[in-house]
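Here are the chains, one letter per residue:
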Amino acid sequence: MTDDLRAQFDTEALPHLRAVFNVARRLTGRDDQAQDLAQDTFLRAFDKFGGFTAGTNCRAWLFTITYSLFINHYRRQQREPKLVSTVGQDPLLESRVPAPESSRVATPARAAAAADVEGALAQLPEEYRAAIMLVDAEDLSYEDAAAVLGCPIGTVRSRLCRGRTQLANALHDYDIAGRQGR
Amino acid sequence: MTAQDHLDLEPQDLLDERLGPSERVRVQAHVDACDRCRADLDTLRRGREFARRGVLQHELPLDLRGAIERELDRKPVAGGRGGIGRRRGLVYGLSAAAGLLASLYLRRGHDLPAEVIETFKASNTGQRVLDFALAKAMKA
């Protein structure tokens, strides 16, 4: 019984570890907290695995736990991000939102562009960032994102709209391929 | 609707293909005719593409999976399917103990309703005179 449960958890839940870590990383903005949050997510998920319906969206279910843990335990430790007028040219922003040491990207130019996108994303209000992260970066449906965030679908829709607009405006100098000088 | 009645969230619904056929035609026609809504749609498309393609995919830190697996190995079966969790087991145990104590307490105490019935029967047959001391005390 124990082995069956553990084997099922290993098969269904653990393959989503990287996605959970990525979400945790974007929520907390720090590698060390993201590791703790990801680990807490999986330990809590194992405790609750009896309530998980096999065959449903396990990744979304894990994100729900991650977001809930973040709201209840980690957010208090976060400092509210300060708004900056420009992205990618602000030395303060560079020091505040460093390119994570665990990241692996193809080229230096792409790394710089990706760091700027991450920086711009980090400056968004948390609600907008979470909606964008789930729907655009993690490819969840509006419905699953609403379940993760514990809000109506219409709220996801409006947060997504405002967040995408702010993100595009913050990265006004970039084209979509990540090249500067638009 | 005229081009001056700008759309709110519908351009995003168009972008994310969340409109039915007739709505899609209506919103697309408006966007084609309205510069501002077309610009809004373009902004949304850019924001979505940045989020989809521009964000970093972080590599897992070394041994995070190993650390989680070690913690899982140490955990009891608490929340397993069909099993009883530790917390739930504690609640069940305390409830059962409380029920048992209440039952024992009631059994050893006087059965007041039965005593009243017996007293009333005895007074009806003249074997006993009802004591209204308590009623008098309450009136006083």
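Described below are features of the structure shown in this document. (Residues numbered from 1 in each chain as written. Chains lettered and ligands numbered in written order. Predicted model: local features only at pLDDT ≥ 70, side-chain atom pairs only at ≥ 80, totals over all residues. Heavy atoms only, no water.)

Observations concerning the interface of chain A and chain B
Okay, step 1: In this complex, chain A contributes 56 residues to the contact, which on the side of chain B involves 40 residues.
Okay, step 2: A combined buried area of about 4800 Å² lies between chain A and chain B, and 60% of that area is made up of carbon and sulfur atoms.
Okay, step 3: Arg18(B) is paired through a salt bridge with Glu143(A); the nearest N and O atoms lie 3.2 Å apart.
Okay, step 4: Put simply, chain A and chain B have 15 residue pairs in polar contact (both at pLDDT 80 or more) between them.
Okay, step 5: If one sorts the elements of the side of chain A that touches chain B by residue count, helix α9 (residues 153–170) of chain A sits on top with ten residues.
Okay, step 6: Partitioned by chemical class, the residues of the side of chain A that touches chain B number 28 nonpolar, twelve polar and 16 charged. (Contact = heavy atoms within 4.5 Å. Buried area = accessible area lost by both parts, 1.4 Å probe. Salt bridge = Lys/Arg side-chain N within 4 Å of Asp/Glu carboxyl O. Polar contact = N/O pair within 3.5 Å; in protein donor to acceptor, adjacent residues only side chain to side chain. Helix = DSSP H or I, 4+ residues; strand = E, 2+ residues; numbered from the N terminus. Nonpolar A, V, L, I, M, F, W, Y, C, P; charged D, E, K, R; others polar.)

Points about the packing of helix α2 (residues 17–28) of chain A against helix α3 (residues 31–47) of chain A
Residues and elements named next belong to chain A.
Okay, step 1: As a packed pair, α2 and α3 sit with axes 8 Å apart at the nearest point and diverge in direction by 130°. It follows from the interaxial angle that α2 and α3 lie oblique. Here α2 and α3 pass one another in a crossing that is right-handed. Facing α2, whose interface residues are Leu17, Val20, Phe21, Ala24, Arg25 and Thr28, α3 presents Asp31, Gln33, Ala34, Gln35, Leu37, Ala38, Thr41 and Phe42. (Axes fitted to C-alpha atoms, helices over the stretch in contact; angles between N-to-C directions. Parallel < 35°, antiparallel > 145°, perpendicular 65-115°, else oblique. Left-handed = near helix turned anticlockwise from the far one by under 90°.)

As for helix α4 (residues 58–74) of chain A
Residue and element names in this part refer to chain A.
Okay, step 1: For α4, which comprises 17 residues, the first-to-last C-alpha distance of 22 Å matches the rise-based estimate of 24 Å (1.5 Å per residue) to within 8%.
Okay, step 2: With twelve of its 17 residues buried, α4 lies for the most part within the structure.
Okay, step 3: The N-cap of α4, judged by a side-chain oxygen 3.2 Å from the amide nitrogen of Arg59 a few residues on, is Asn57. (Expected span 1.5 Å × (residues − 1). Buried < 20%, exposed > 50% of the residue type's maximum accessible area, 1.4 Å probe, protein only.)

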